[in-house]
Amino acid sequence: MKLLVATSYHDIKGIMAKHLSESGIKAEVTFVETLDNLITELKTDRHDFILTEYSIDGTDVWRLAKLVNSTQLAAHALPLYLIKDTSEIEVPTILAKAHCFSLVAFKDLGQILQASYNHNLNAGYVRGRRQPDKPTLLIVEDDDNAAKIIR
């Protein structure tokens, strides 16, 4: 497992290493301190997840999630996790999900990442693709008989 960690606090490095080690997770971790370095690393396509604190290089997690999932970086998009312990602001889970990132506490870091990593392997996750290849079609029809025929 390869992690891309966006943080400007050196203390987080040690805390994260401790929790990953206690969880039995063996991960290659790349730390970046600026948004430019994050984008550069993201484009290397060598990582499985992005972990970030609430704010990095003057950019909050909301803007960071929007950037990571933008059209320009769509081919490099990765699951994004906000480390809750680094945020003084309470981020509602439903808002995080709506903005395409998840919340994780240091104590749950290993368990959550390992479960997500295993799920991605089993599901055939392809980086940058958020939807399955299966085409979908939405039809809105208020007539029951017509809906049955269309179905």
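Residues numbered from 1 in each chain as written. Predicted model: local features only at pLDDT ≥ 70, side-chain atom pairs only at ≥ 80, totals over all residues. Heavy atoms only, no water.

(A) Layout of the nonpolar core. Counting residues in each nonpolar core, the largest one holds 21 residues, and the members touching the most others are L38, L42, I50, L64 and F101. Other than its neighbours up to four places away in sequence, F101 contacts V61, W62, A65, L80, L82, V91 and A96. Among the nonpolar cores identified, the runner-up in size contains 15 residues, and M1, L20, I25 and F106 belong to it. (Core = buried A, V, L, I, M, F, W, Y, C linked by side-chain atoms within 4.5 Å. Buried < 20%, exposed > 50% of the residue type's maximum accessible area, 1.4 Å probe, protein only. Contact = heavy atoms within 4.5 Å.)

(B) Examining the side chain of D60 more closely. Looking at where D60 falls in the secondary structure, it is placed in strand β5 (residues 59-60). No salt bridge is formed by the buried D60; its nearest oppositely charged neighbour, R63, is found at 4.0 Å. A distance of 2.9 Å separates the side chain of D60 from the backbone nitrogen of R63, its partner in a polar contact. Apart from residues no more than four positions distant in its own chain, D60 is found in contact with Y54 and S55. (Helix = DSSP H or I, 4+ residues; strand = E, 2+ residues; numbered from the N terminus. Lys, Arg positive; Asp, Glu negative; His and termini not counted. Salt bridge = Lys/Arg side-chain N within 4 Å of Asp/Glu carboxyl O. Polar contact = N/O pair within 3.5 Å; in protein donor to acceptor, adjacent residues only side chain to side chain.)

(C) Quick look at the sheet that holds strand β3 (residues 49-52). Strand order in the open sheet formed by 5 strands is β2-β1-β3-β6-β7, and the pairing between neighbours is parallel. Each edge of the open sheet is held by one strand with a lone partner, namely β2 (28-32) and β7 (102-104). Sheet twist, expressed as the mean angle between neighbouring strand axes with direction ignored, is 30°. Looking at chain direction, strand β6 (residues 80-83) and β7 are connected through 3 bridges and run parallel. Considered in β7, the bridge of L82 is made with L103. (Pairing = 2+ DSSP bridges. Axes fitted to C-alpha atoms, helices over the stretch in contact; angles between N-to-C directions.)

(D) Representation of the pattern of salt bridges. Scanning all chains against the criterion turns up 3 salt bridges. Between E41 and R46 there is a salt bridge, and its shortest N-O distance comes to 2.8 Å. With relative accessibility at 16%, the residue E41 sits in the buried group.

(E) Broad picture of the pairing of β2. Here strand β1 (residues 2-6) runs beside β2; their pairing, made up of 5 bridges, is parallel. Directly across from K2, in β2, lies its bridge partner E28.

(F) Local environment of unusual backbone geometry. Positioned with a positive phi, D57 is a non-glycine residue whose angle comes to about 55°. Secondary-structure assignment places D57 in the loop between β4 (55-56) and β5. We classify D57 as partly exposed; its relative accessible area is 46%. A positive phi angle, near 65°, is found at C100, a position not held by glycine. Structurally, the position occupied by C100 is in the loop between α4 (93-98) and β7.

(G) Spatial organisation of the packing of aromatic side chains. Counted by the stated rule, this structure contains 2 aromatic pairs. With 5.2 Å between their ring centres and 70° between their planes, W62 and F101 make a pair best called edge-to-face. Residue W62 is located in helix α3 (residues 61-68), and its partner F101 is located in the loop between α4 and β7; the two are separated by 39 residues in the primary sequence. Relative accessible area serves as the criterion here: at 3%, F101 is assigned to the buried category. One residue, K13, lies across the ring of F31, its end atom 5.2 Å from the ring centre. (Phe/Tyr/Trp six-rings, centres within 6.5 Å; stacked < 30°, edge-to-face > 60°. Lys NZ or Arg CZ within 6 Å of the ring centre and 35° of its normal.)

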